[in-house]
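# Remarks on the overall topology
Single-letter residue listing:
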Amino acid sequence: DVKVTQSSRYLVKRTGEKVFLECVQDMDHENMFWYRQDPGLGLRLIYFSYDVKMKEKGDIPEGYSVSREKKERFSLILESASTNQTSMYLCASSLRLGGNSPLHFGNGTRLTVT
Amino acid sequence: AQSVSQHNHHVILSEAASLELGCNYSYGGTVNLFWYVQYPGQHLQLLLKYFSGDPLVKGIKGFEAEFIKSKFSFNLRKPSVQWSDTAEYFCAVIGSSNTGKLIFGQGTTLQVKP
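Below is a summary of the structure that appears in this document. Just so you know, these numbers come straight off a predicted model, no measurement behind them.

A separate point is the pairing of strand E9 (residues 87-94) of chain A. Residue and element names in this part refer to chain A. Burial analysis of E9 places eight of its eight residues in the buried class, which makes it a mostly covered element. What you see with E9 is no split at all: Ser87, Tyr89, Cys91 and Ser93 on one side and Met88, Leu90, Ala92 and Ser94 on the other are buried throughout. Of the pairings in the sheet, the one linking strand E4 (residues 31-38) to E9 comprises seven bridges and is antiparallel in character. For asparagine 31, the partnering residue across the bridge sits in E9 and is serine 94. Here E9 pairs with strand E11 (residues 109-113) via three bridges, running antiparallel. Following the sheet pairing, serine 87 is matched in E11 by leucine 111. Sheet topology places E9 next to strand E10 (residues 104-105); two bridges connect them, and they run antiparallel.

As structure tokens, then:
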């Protein structure tokens, strides 16, 4: 069974801090994703990566960057956290890009920026 | 641009009632469609998916969904809900030729009263 592990379940950070959210998957999946989940807005794609060191912007990349140095690990970086980045962040992985390969999600990181 | 709309944001049902959650999408080509579920405190998991063929697809735990191409809809149904179906449900779509961007609806919270 695929396991996607997010390093923190809850995080509290101050405005202006640099924040790292870490995600690791154990199934040798090519593709990894970062979404944010907000009430009434569903899940919105921030960034995804289809290979090591490769990344593509999703729908809401502003204020975020990502890093994928190893296949199993995908990091989301908030360069200077702001209160409007308070949210639930979900990492996911898939075997292939496209619709034929469902996403496997981690448990999420609830980030609060004060 | 692709979009997904879920009409019901919060649904409250009694056990044994029938369920139908609406999902409409906007996309100009062939699509793959998904329903994901998030039980309280758990990660998002795949409920069912449609790629091609029979437009009535069956998923886990007695759920099914019908793809109606002419209506751009993919509604989720269950004849008789249980208390354990209390969860948030997300419809999602990706273009069959698209790579990467799975678009989610806003989500529907289902509360089943025992």
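All names here are of chain A. Pairing in this open sheet of four strands is antiparallel, and the strands run E1-E3-E8-E7 from one edge to the other. Strand pairing shows two members of the sheet lacking a second neighbour, strand E1 (4-6) and strand E7 (64-70), which therefore form its edges. In this sheet, adjacent strand axes meet at a mean angle of 20° when their direction is disregarded. Sheet topology note: the strand E3 (residues 19-25)/strand E8 (residues 73-78) ladder contains six bridges and is antiparallel. Among the inter-strand pairings, phenylalanine 20 is bridged to a residue of E8, identified as isoleucine 77.

Calculation rules
Residues numbered from 1 in each chain as written. Chains lettered and ligands numbered in written order. Predicted model: local features only at pLDDT ≥ 70, side-chain atom pairs only at ≥ 80, totals over all residues. Heavy atoms only, no water. Buried < 20%, exposed > 50% of the residue type's maximum accessible area, 1.4 Å probe, protein only. Helix = DSSP H or I, 4+ residues; strand = E, 2+ residues; numbered from the N terminus. Pairing = 2+ DSSP bridges. Axes fitted to C-alpha atoms, helices over the stretch in contact; angles between N-to-C directions.

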